[in-house]
Amino acid sequence: MKPINFFVGESVSFNVIGDIEFSTVELPRFENEKLDFPYETCVFYGNGESHVAGSYVTLDEAVEGHNAIIKSYLIKEHA
(Lines give C-alpha, C1' and ligand atoms only; values in the text may rest on other atoms or scores of the structure.)
Protein backbone atom coordinates (compact mmCIF):
# COMPACT_ATOMS: atom_id res chain seq x y z
CA MET A 1 0.00 0.00 0.00
CA LYS A 2 1.39 3.38 -0.99
CA PRO A 3 1.74 5.84 1.93
CA ILE A 4 -0.53 8.87 1.90
CA ASN A 5 1.24 12.20 1.69
CA PHE A 6 -0.44 14.51 4.17
CA PHE A 7 -0.05 18.27 3.78
CA VAL A 8 0.08 19.97 7.16
CA GLY A 9 -1.19 23.53 7.00
CA GLU A 10 0.51 26.45 8.59
CA SER A 11 -0.56 28.88 11.26
CA VAL A 12 -1.95 32.15 9.90
CA SER A 13 -2.56 34.03 13.17
CA PHE A 14 -2.50 33.18 16.86
CA ASN A 15 -3.44 35.26 19.90
CA VAL A 16 -3.89 34.55 23.58
CA ILE A 17 -6.14 36.76 25.70
CA GLY A 18 -6.37 35.59 29.29
CA ASP A 19 -7.11 31.87 29.17
CA ILE A 20 -8.56 31.98 25.64
CA GLU A 21 -6.57 31.12 22.51
CA PHE A 22 -7.55 32.33 19.04
CA SER A 23 -5.98 30.29 16.25
CA THR A 24 -6.38 30.71 12.50
CA VAL A 25 -4.79 28.02 10.35
CA GLU A 26 -4.68 26.66 6.87
CA LEU A 27 -6.40 23.30 7.31
CA PRO A 28 -4.37 20.16 6.72
CA ARG A 29 -5.48 18.14 3.73
CA PHE A 30 -4.50 15.18 1.64
CA GLU A 31 -2.25 15.90 -1.34
CA ASN A 32 -4.27 17.42 -4.23
CA GLU A 33 -7.41 17.65 -2.06
CA LYS A 34 -9.45 20.81 -2.58
CA LEU A 35 -11.35 22.38 0.33
CA ASP A 36 -14.20 24.87 -0.03
CA PHE A 37 -12.89 26.75 3.01
CA PRO A 38 -9.19 25.96 3.44
CA TYR A 39 -8.71 28.41 6.35
CA GLU A 40 -10.40 28.29 9.74
CA THR A 41 -10.39 30.23 13.01
CA CYS A 42 -10.95 28.28 16.23
CA VAL A 43 -11.38 29.62 19.73
CA PHE A 44 -10.01 27.46 22.56
CA TYR A 45 -11.24 28.16 26.09
CA GLY A 46 -9.37 27.46 29.31
CA ASN A 47 -12.04 24.94 30.35
CA GLY A 48 -11.17 22.67 27.40
CA GLU A 49 -14.07 23.70 25.18
CA SER A 50 -13.58 25.09 21.68
CA HIS A 51 -15.55 26.19 18.65
CA VAL A 52 -14.98 27.16 15.04
CA ALA A 53 -15.47 30.92 14.83
CA GLY A 54 -14.92 31.41 11.10
CA SER A 55 -14.10 29.69 7.82
CA TYR A 56 -12.45 31.41 4.87
CA VAL A 57 -11.65 30.88 1.21
CA THR A 58 -8.49 33.01 0.92
CA LEU A 59 -5.51 33.85 3.09
CA ASP A 60 -6.49 37.55 3.06
CA GLU A 61 -10.00 36.68 4.28
CA ALA A 62 -8.49 34.49 7.01
CA VAL A 63 -6.27 37.31 8.31
CA GLU A 64 -9.13 39.82 8.19
CA GLY A 65 -11.53 37.36 9.84
CA HIS A 66 -9.07 36.53 12.61
CA ASN A 67 -8.50 40.21 13.36
CA ALA A 68 -12.26 40.89 13.35
CA ILE A 69 -12.86 38.08 15.85
CA ILE A 70 -10.14 39.44 18.15
CA LYS A 71 -11.55 42.97 17.88
CA SER A 72 -15.09 41.75 18.58
CA TYR A 73 -13.91 39.79 21.63
CA LEU A 74 -11.99 42.77 23.02
CA ILE A 75 -15.00 45.07 22.54
CA LYS A 76 -17.24 42.61 24.43
CA GLU A 77 -14.68 42.27 27.24
CA HIS A 78 -14.46 46.03 27.75
CA ALA A 79 -18.16 46.83 27.34
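Just above, that's the structure.
What comes next concerns the included structure. It should be emphasised that the depicted structure is a prediction, and the values quoted were computed from it without experimental measurement. (Residues numbered from 1 in each chain as written. Predicted model: local features only at pLDDT ≥ 70, side-chain atom pairs only at ≥ 80, totals over all residues. Heavy atoms only, no water.)

## Re the sheet that holds strand β6 (residues 50–56)
At step 1: Taken in spatial order, the four strands of this open sheet run β2-β3-β5-β6, and their pairing is antiparallel. The strands lining the two open edges of the sheet, one partner per strand, are β2 (11–17) and β6. On average, adjacent strands in this sheet sit at an angle of 15° to one another, irrespective of strand direction.
At step 2: With six bridges connecting them, strand β5 (residues 39–44) and β6 associate as antiparallel partners. (Pairing = 2+ DSSP bridges. Helix = DSSP H or I, 4+ residues; strand = E, 2+ residues; numbered from the N terminus. Axes fitted to C-alpha atoms, helices over the stretch in contact; angles between N-to-C directions.)

## Focus: the pairing of strand β3 (residues 20–26)
At step 1: Burial of β3 is extensive: five of the seven residues sit out of reach of the surface.
At step 2: Strand direction decides the pairing type here: β2 and β3, joined by six bridges, are antiparallel. When the sheet's bridge partners are listed, Ser13 is paired in β3 with Thr24.
At step 3: Between β2 and β3, which pair antiparallel in sequence order, lie two residues; one of them, Gly18, sits at a positive phi of approximately 65°.
At step 4: As defined by bridge partners, β3 adjoins β5 across six bridges and the pair is classed as antiparallel. (Buried < 20%, exposed > 50% of the residue type's maximum accessible area, 1.4 Å probe, protein only.)

## Observations concerning the environment of Ser55
At step 1: Turning to its location among the elements, Ser55 is positioned in strand β6.
At step 2: For the pair Ser55 and Pro38, spaced 17 residues apart in sequence, the C-alpha separation works out to 7.6 Å.
At step 3: Those residues within four positions of Ser55 in sequence are excluded, and the remaining contacts are Phe37, Tyr39 and Glu40. (Contact = heavy atoms within 4.5 Å.)

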